[in-house]
Amino acid sequence: MIDVEGLEYEEAYSDLSDLNLEVEREAVFSDEVEEGLVIRTDPEAGTVVKEESRVTVYSSKGKERVRFEDYVGQNYEEVKEELEERGYESVLAIEQTDDRPEGEIIDQIQPQVNDDIIIDETRVIFQVSSGPPTVTLQSLEGETEEEARDYLSNNGLKASVSEEHSESVPSGEVIRQDPESLTEVNEGSTVNLVVSSGPEENSDEDSNEEEQVEEDEQGDDQEDDQDEEQESEATPREETIQVGVPFNEDSDQEEQQVLVYVNDLNNEISEVYSEEMITEDTTVSIDLTISPEEEATYKVVREDEVIVEENVSY
């Protein structure tokens with residue numbers, strides 16, 4: 001029996017037929033032998049056989065292919081673990097904001113459902129929900145009701161407005177909000193606004209008010225003198241904050257964006273204080289100027305993830 005292993009099946013068939021042997025073909029999967037080549041024969045090479053004997057030639061169908069399943073709607077981490085255990089070359093996720101829960105597979109980029117694939121040669125890519133889009137609220141205190149409503153509407157948020165008397169906040173301006181500024185909320189959420197309706201009407205008699213005018217003015221003059229003395233003594237305090245920002249090794253991004261927001265004497269929290277692209281663990285310096293009896297706020301965000309958010313008192 002001659003050795004035909006590694007030959008194309010047609011060549012092996014011809015050689016064996018020339019020896020007056022009856023050739024029967026059986027195709028089988030093989031991880032080592034290319035499709036169409038002979039894997040082995042039965043009887044084996046070197047065996048003495050009679051003419052007209054039957055020889056079975058096992059030819060390779062190549063690596064076994066399987067049909068790729070539909071994983072849409074399943075949890076990405078669970079599917080990734082399953083596919084990696086089965087020997088897939090790699091399993092990757094591309095995140096996208098979506099109304100579906102965070103971590104849910106929303107599309108199969110490659111391979112497609114029912115594609116015939118070779119497991120250890122297949123790179124799987126899913127599109128995965130990162131959850132609904134979020135908005136980091138800016139401070140609306142002191143804004144007019146119209147300005148606050150416009151801001152919320154432009155960011156996909158709803159407004160619920162109530163009124164309250166205020167001696168210090170002009171009529172029509174926002175006194176407070178809920179949730180507070182710097183809070184992350186989902187698009188479509190409702191923000192509660194309390195708007196000033198101005199001072200409450202005074203029920204005292206006009207005559208009583210007139211009797212107090214002179215006395216009040218004298219007292220106010222004395223208080224103003226004291227306030228001026230205190231204000232001249234108190235000056236803004238400056239402080240430098242060092243914040244360590246770790247590089248996210250699990251991210252596919254080679255460079256990661258770091259944004260810093262500051263609310264102090266010189267900055268508004270709604271505006272970016274500084275922006276930096278990092279490729280390794282990095283320390284960010286933040287200079288704060290804090291007004292007397294006030295506090296400053298700083299917030300550090302890496303790729304939409306809040307790393308730190310702190311208040312610093314005077």
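This text gives an overview of the structure that appears in the document. All of these numbers come straight from a predicted model, not from anything done at the bench. Counting from 1, residues in each chain are numbered in the order their sequence is written. Side-chain atom pairs in this predicted model are given and counted only at pLDDT of 80 or more, local residue features only at pLDDT of at least 70, and totals for whole chains, interfaces and linings cover all residues. In computing side-chain properties, one takes all heavy atoms of the structure into account and sets aside hydrogens as well as water.

### Describing the overall build of the chain
- Secondary structure elements are taken from DSSP: a helix is a run of H or I of four residues or more, a strand is a run of E of two residues or more, and numbering for both begins at the N terminus. Helices and strands together make up the secondary structure of the chain, namely 4 helices and 19 strands.
- Relative to its 314 residues, the chain shows a buried fraction of 30%.
- Only the protein chains shown count as cover for residues, with accessible areas throughout obtained via the Shrake-Rupley method and a probe of 1.4 Å. A total of about 20,300 Å² of accessible surface is found on the chain, and carbon and sulfur atoms cover 36% of it. A simple rule labels every residue: compare its accessible area, found with a 1.4 Å probe on the protein chains alone, to the largest value its type can have, and call it buried under 20%, exposed over 50%, or partly exposed in between.

### Focus on the nonpolar core
- As used here, the term nonpolar core means buried Ala, Val, Leu, Ile, Met, Phe, Trp, Tyr and Cys residues forming a set that is joined through side-chain atoms within 4.5 Å. Ranked by internal contacts, the top residues of the largest apolar core, which has 17 residues, are Ile241, Val243, Val245, Ile286, Leu288, Tyr298 and Val300.
- Looking at this core, the elements that each hand over two or more residues are strand 14 (237-245), strand 15 (256-263), strand 17 (282-290), strand 18 (295-302) and strand 19 (305-313).
- A per-element tally of this core places strand 17 first, with 4 residues.
- Not counting chain neighbours up to four residues away, the residues in contact with Ile286 comprise Glu239, Thr240, Ile241, Val243, Val260, Val262, Tyr273, Tyr298 and Val300. Whether two residues are in contact is decided by their heavy atoms, any of which lying within 4.5 Å being enough.

### Observations concerning the sheet that holds strand 6 (residues 105-110)
- When DSSP locates at least two bridges between a pair of strands, those strands are taken to pair. Taken in spatial order, the 3 strands of this open sheet run 5-8-6, and their pairing is mixed. In this open sheet, the two strands that pair with only one neighbour each are strand 5 (90-96) and strand 6. On average, adjacent strands in this sheet sit at an angle of 25° to one another, irrespective of strand direction.
- Direction of pairing for strand 5 relative to strand 8 (residues 123-129): parallel, over a ladder of 7 bridges. Of the residues in strand 8, the one forming a bridge with Ile94 is Gln127. Lines are fitted to the C-alpha atoms to define the axes, a helix being fitted only along its stretch in contact, and any angle between axes, read from their N-to-C directions, falls within 0 to 180 degrees.

### A few points about a negative patch on the surface
- Taken together, the side chains of Glu77, Glu78, Glu81, Glu84 and Glu85 define an acidic patch exposed on the protein surface.
- Tracing the chain through its elements places Glu81 in helix 2 (residues 76-86). Like charges are joined within 9 Å and nonpolar side chains (Val, Leu, Ile, Met, Phe, Trp, Tyr) within 5 Å, but only among residues with over 30% relative accessible area and no salt bridge; these make up the patches. Between Lys or Arg on one side and Asp or Glu on the other, a salt bridge is scored when a side-chain nitrogen of the former is within 4 Å of a carboxyl oxygen of the latter. Note that His is not counted, nor are the chain ends; the positive residues are Lys and Arg, and the negative ones are Asp and Glu. Where a charge lies is defined by one atom per residue type, namely NZ (Lys), CZ (Arg), CG (Asp) and CD (Glu).

### With respect to the side chain of Asp264
- Its location among the elements puts Asp264 in the loop between strand 15 and strand 16 (272-278).
- Arg237 provides the closest opposite charge to the buried, salt-bridge-free Asp264, at an N-O distance of 10 Å.
- Reaching out from Asp264, the side chain makes a polar contact with the backbone nitrogen of Asn266 at a distance of 3.0 Å.
- Here a polar contact is recorded for every N or O atom pair within 3.5 Å, except that within protein the pair must consist of a potential hydrogen donor and a potential acceptor, and residues adjacent in sequence are included only if both atoms are side-chain atoms. Polar contacts involving the side chain of Asp264 include one to the main-chain amide nitrogen of Thr289, which spans 2.9 Å.
- The residues contacting Asp264, other than those within four sequence positions of it, are Asp287, Leu288, Thr289 and Ala296.

### With respect to the sheet that holds strand 15
- Pairing is antiparallel across the open sheet formed by 4 strands, whose spatial order is 16-15-18-19. Lying at the two open borders of the sheet, with one neighbouring strand each, are strand 16 and strand 19. Across the sheet, the axes of successive neighbouring strands diverge by a mean angle of 15°, strand direction being ignored.
- Bridge count for strand 15 against strand 16 is 6 bridges, and the pairing is antiparallel. The residue bridging Leu259 from the neighbouring strand is Glu275, located in strand 16.

### Some words on unusual backbone geometry
- The linkage connecting Asp42 with the following residue, Pro43, adopts the cis geometry, with an omega of 10°.
- Secondary-structure assignment places Pro43 in the loop between strand 2 (38-42) and strand 3 (54-60).
- With an omega dihedral of 5°, the bond running from Asp178 to Pro179 counts as a cis peptide bond.
- With respect to the element layout, Pro179 can be found in the loop between strand 11 (174-178) and strand 12 (184-186).
- Located in the positive-phi region is Leu182, a residue other than glycine, with phi close to 75°.
- Of note, Leu182 is situated in the loop between strand 11 and strand 12.
- For Leu182, a relative accessible area of 9% puts it in the buried group.

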